[in-house]
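Now for the letters of each chain:
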Amino acid sequence: QKEVEQDPGPLSVPEGAIVSLNCTYSNSAFQYFMWYRQYSRKGPELLMYTYSSGNKEDGRFTAQVDKSSKYISLFIRDSQPSDSATYLCAMSPINNNDMRFGAGTRLTVKP
Amino acid sequence: DVKVTQSSRYLVKRTGEKVFLECVQDMDHENMFWYRQDPGLGLRLIYFSYDVKMKEKGDIPEGYSVSREKKERFSLILESASTNQTSMYLCASSLMGGNTGELFFGEGSRLTVL
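Reading guide: rules and limits
Residues numbered from 1 in each chain as written. Chains lettered and ligands numbered in written order. Predicted model: local features only at pLDDT ≥ 70, side-chain atom pairs only at ≥ 80, totals over all residues. Heavy atoms only, no water. Helix = DSSP H or I, 4+ residues; strand = E, 2+ residues; numbered from the N terminus. Rg over C-alpha atoms; globule rule 2.2 N^0.38 Å. Areas by Shrake-Rupley, 256 points an atom, 1.4 Å probe, with all protein chains shown as cover. Lys, Arg positive; Asp, Glu negative; His and termini not counted. Charge placed at Lys NZ, Arg CZ, Asp CG, Glu CD. Core = buried A, V, L, I, M, F, W, Y, C linked by side-chain atoms within 4.5 Å. Buried < 20%, exposed > 50% of the residue type's maximum accessible area, 1.4 Å probe, protein only. Pairing = 2+ DSSP bridges. Axes fitted to C-alpha atoms, helices over the stretch in contact; angles between N-to-C directions. Phe/Tyr/Trp six-rings, centres within 6.5 Å; stacked < 30°, edge-to-face > 60°. Lys NZ or Arg CZ within 6 Å of the ring centre and 35° of its normal. 1 Å grid on protein atoms, 1.4 Å probe; cavity = no way out; pocket = protein on both sides within 12 Å on 5 of 7 lines; lining within 4 Å. Points joined across faces, edges and corners; volume = space filled by probe spheres on them. Contact = heavy atoms within 4.5 Å. Buried area = accessible area lost by both parts, 1.4 Å probe. Salt bridge = Lys/Arg side-chain N within 4 Å of Asp/Glu carboxyl O. Polar contact = N/O pair within 3.5 Å; in protein donor to acceptor, adjacent residues only side chain to side chain. Nonpolar A, V, L, I, M, F, W, Y, C, P; charged D, E, K, R; others polar.

## Details of the overall build of chain A
In terms of regular secondary structure, chain A is built from 0 helices and 11 strands. Shown N-terminal to C-terminal, the secondary structure of chain A runs as helices and strands in the order β-β-β-β-β-β-β-β-β-β-β. Its C-alpha radius of gyration of 13 Å places chain A within 12% of the 13 Å reference for a compact globule of 111 residues. Principal-axis analysis of the C-alpha atoms places the extent of chain A at approximately 40 × 25 × 25 Å. Accessible area for chain A stands at about 5300 Å²; split by element, carbon and sulfur atoms hold 46% of it. Separation between the mean location of the 12 positive side-chain charges and that of the 11 negative ones in chain A comes to 4 Å.

## Here we look at the nonpolar core
Counting 24 residues, the largest nonpolar core has W35, I72, L74, Y87 and M91 of chain A as the members making the most contacts within it. Every element with two or more residues in this core is listed here: strand 3 (19-25), strand 4 (32-38), strand 5 (45-51), strand 7 (61-66), strand 8 (71-76), strand 9 (85-92) and strand 11 (105-110) of chain A. V4, M27, F74 and Y89 of chain B belong to the second-largest nonpolar core, a separate cluster that totals 21 residues.

## Some points on unusual backbone geometry
Residues G9 of chain A and P10 of chain A are joined by a peptide bond in cis, for which omega reads 10 degrees. One can find P10 of chain A in the loop between strand 1 (4-6) and strand 2 (11-14). Positive phi values are uncommon outside glycine, yet K70 of chain A reaches one of about 55 degrees. Among the structural elements, K70 of chain A can be located in the loop between strand 7 and strand 8. On the basis of relative accessible area, K70 of chain A is assigned to the partly exposed category, the value being 26%. Positive phi, normally seen in glycine, also occurs at K53 of chain B, with a value near 65 degrees. Of note, K53 of chain B is situated in the loop between strand 5 (42-49) and strand 6 (56-57).

## Some words on the sheet that holds strand 8 of chain A
Residue and element names in this part refer to chain A. The 5 strands lie next to each other as 1-3-8-7-6, forming an open sheet whose pairing is antiparallel. Only two strands of the sheet have a single neighbouring strand rather than two, namely strand 1 and strand 6 (54-58). Averaged over neighbouring strand pairs, the angle between their axes works out to 15 degrees when direction is ignored. Examined bridge by bridge, strand 7 and strand 8 share 6 bridges and lie antiparallel to one another. Paired with F61 across the bridge in strand 8 is I76.

## Section: the packing of aromatic side chains
As enumerated under the stated definition, the model contains 11 aromatic pairs over all chains in all. Ring centres 5.3 Å apart and planes at 45 degrees place the aromatic pair Y25 of chain A and F33 of chain A in the tilted group. Taken as a pair, Y25 of chain A and F33 of chain A share a single burial class, namely buried. Chaining the aromatic ring pairs together yields one cluster made of Y36 and F101 of chain A together with F33, Y35, F48 and F105 of chain B. For K56 of chain A, the ring lying beneath its charged end belongs to Y49 of chain A, and the centroid distance is 3.8 Å.

## Description of the layout of surface pockets
Empty space within the largest pocket amounts to approximately 680 Å³. Forming the boundary of the largest pocket are 27 residues, of which Q38, S40 and T86 of chain A together with Q37 and R110 of chain B lie nearest the centre. Mapped onto the lining of the largest pocket, the elements with two or more residues apiece are strand 9 and strand 11 of chain A together with strand 4 (31-38) and strand 9 (87-94) of chain B. It is strand 11 of chain A that contributes the most residues to the lining of the largest pocket, 4 residues altogether.

## Remarks on the interface of chain B and chain A
Contact with chain B, which involves 24 residues of that partner, is made by 19 residues of chain A. Note on chain B versus chain A: buried area summed over both sides is about 1800 Å², and carbon and sulfur give 50% of it. Joining chain B to chain A, the criterion identifies 2 salt bridges. For E107 of chain B, the salt bridge identified is with K42 of chain A, shortest N-O distance 2.9 Å. Our count for the contact surface shared by chain B and chain A stands at 5 residue pairs in polar contact (both at pLDDT 80 or more). Taken together, the residues of the side of chain B that touches chain A break down into 11 nonpolar, 9 polar and 4 charged.

Structural data, given as structure tokens:
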């Protein structure tokens, strides 16, 4: 079993749809939870981060962490074609030298 | 604007060649990392460094070595390239003790070994 599981997709949605991306994990030591966005032929960029459990909202994006279920989610409201990218979940214990990544979900938002 | 620069975006090498991948960051970060990214496997850590001349093995160090002679520069070396090292290589840096754990990535070096 992988330490971080993420459905690689691909996921295709129409413009304006609500997108839900998810990851599960097995290591209860993880404290920082992040979502990175990676456009084609580019490096990943941090999109959202959450410390421990709870929700965090930033514009059209909401990150949720449920540590009791070892489950994290990223919601994208009113999705746009510019949201088309690969989304990677990542998590680490206090020491960020041990960050673990999911496989990434490839999202396409069609106009 | 913060930047991590990987000098080679695309490389094609032959089996057995020695390969150098260079990475430079301009953010004065202490930590630097080398990952490889493969479809379905995500990012896997090869090596990281938390200070000049210091290095630590990641999850998949076999077949790789690294060098950090200056704080801003972290090099990945493939002593004798093999076809199973064909991959996307990503360099990243982060601030020691940074409270978000954010990694800043370069744009990647796509290596093909024939």
